[in-house]
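Now for the letters of each chain:
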Amino acid sequence: MQMRPVPRNIDRPNRTPEYVITFLLTYYAVLFVVGKALAALVAGAFATYVMYKVTLDKPEGLAMRVLYKYVQFGKMRPTPRHCKKLEV
């Protein structure tokens, strides 16, 4: 009986959702502010490239951890940046 070969990139991080979120947020923000689709497309591609370079050798989920730490929507659950320690 022979073992099935394991793919070499089985432990490679999958950052596709992070790249999609980065592109879409940048694209629609620039499109809303400027109103030019070509400028928004270029800005989205540049933001995705920067995200690729920043997270090249980092574990996956880095963008989600940064969003969890620094982004707060209104008065919803406070982020660790605004609430340093848990108060009981």
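Rules and cut-offs
Going along each chain's sequence as written, the residues are numbered from 1 onward. For a predicted model such as this one, the threshold for reporting local features is a pLDDT of at least 70, and the threshold for listing and counting side-chain atom pairs is 80 or more; totals across whole chains, interfaces and linings nevertheless cover every residue. As a convention, hydrogens and water are excluded, and side-chain values are obtained from all of the structure's heavy atoms. The helix count covers DSSP runs of H or I at least four residues long, the strand count covers runs of E at least two residues long, and both are numbered beginning at the N terminus. A simple rule labels every residue: compare its accessible area, found with a 1.4 Å probe on the protein chains alone, to the largest value its type can have, and call it buried under 20%, exposed over 50%, or partly exposed in between. For this analysis, residues touch if any pair of their heavy atoms sits within 4.5 Å. Each accessible area value is a Shrake-Rupley result obtained with a 1.4 Å probe; residue values ignore everything except the protein chains displayed when judging cover. Under this scheme, a helix contributes an axis fitted over its contacting stretch, all axes are lines through C-alpha atoms, and angles between N-to-C directions fall in the 0 to 180 degree range. Handedness of each helix crossing follows the sense of rotation of the near helix against the far helix: counterclockwise by less than a right angle gives left-handed, clockwise gives right-handed. Under the grouping applied here, Gly and all other residues not named as nonpolar or charged are polar, the nonpolar ones being Ala, Val, Leu, Ile, Met, Phe, Trp, Tyr, Cys and Pro and the charged ones Asp, Glu, Lys and Arg. To estimate how far a helix should extend, the number of its residues minus one is multiplied by 1.5 Å. To obtain the arc, one takes the directions from the helix axis to the C-beta atoms. Salt bridge criterion: a side-chain nitrogen from Lys or Arg within 4 Å of a carboxyl oxygen from Asp or Glu.

Caption draft 1: Fine view of the overall build of the protein chain. Per the secondary structure count, the protein chain includes three helices and zero strands. Listing every helix and strand of the protein chain by position from the N terminus yields α-α-α. Scored against the burial criterion, the 88 residues of the protein chain give a buried share of 15%. Contacts in the protein chain between residues at least 24 apart in sequence constitute 45% of all its contacts with a sequence separation of at least 6. Surface accessibility of the protein chain: about 8000 Å² in total, with carbon and sulfur atoms responsible for 65%.

Caption draft 2: How the structure looks around the packing of helix H1 (residues 16-34) against helix H2 (residues 37-54). Where H1 meets H2, the axes come as close as 8 Å, and the angle between the chain directions of the two elements is 150°. The interaxial crossing formed by H1 with H2 has right-handed handedness. Mapping the contact onto sequence places Glu18, Tyr19, Thr22, Phe23, Thr26, Tyr27, Val30 and Leu31 in H1 and Ala37, Ala39, Ala40, Leu41, Ala43, Gly44, Ala45, Ala47, Thr48, Met51 and Tyr52 in H2. Its residues placed into classes, the contact of H1 with H2 shows 14 nonpolar, four polar and one charged.

Caption draft 3: Layout of H1. Here H1 spans 27 Å end to end across 19 residues, near enough to the 27 Å set by a 1.5 Å rise per residue. The complete set of buried residues in H1 reads Glu18, Thr22, Thr26 and Tyr27. Down the axis of H1, the sector holding all buried residues measures 150°, keeping them to one side. In H1, those exposed residues whose orientation departs by more than 90 degrees from the buried face are Leu25, Tyr28 and Phe32. On the buried face of H1, the contacting elements are H2 and helix H3 (62-70). One or two residues past the end of H1 sits glycine 35, with phi positive at roughly 90°.

Caption draft 4: Main features of the pattern of salt bridges. Summed over all chains, the structure comprises one salt bridge. Across the pair arginine 15 and glutamate 18 runs a salt bridge whose closest N-O atoms are separated by 4.0 Å. For the pair formed by arginine 15 and glutamate 18, the shared burial category is buried.

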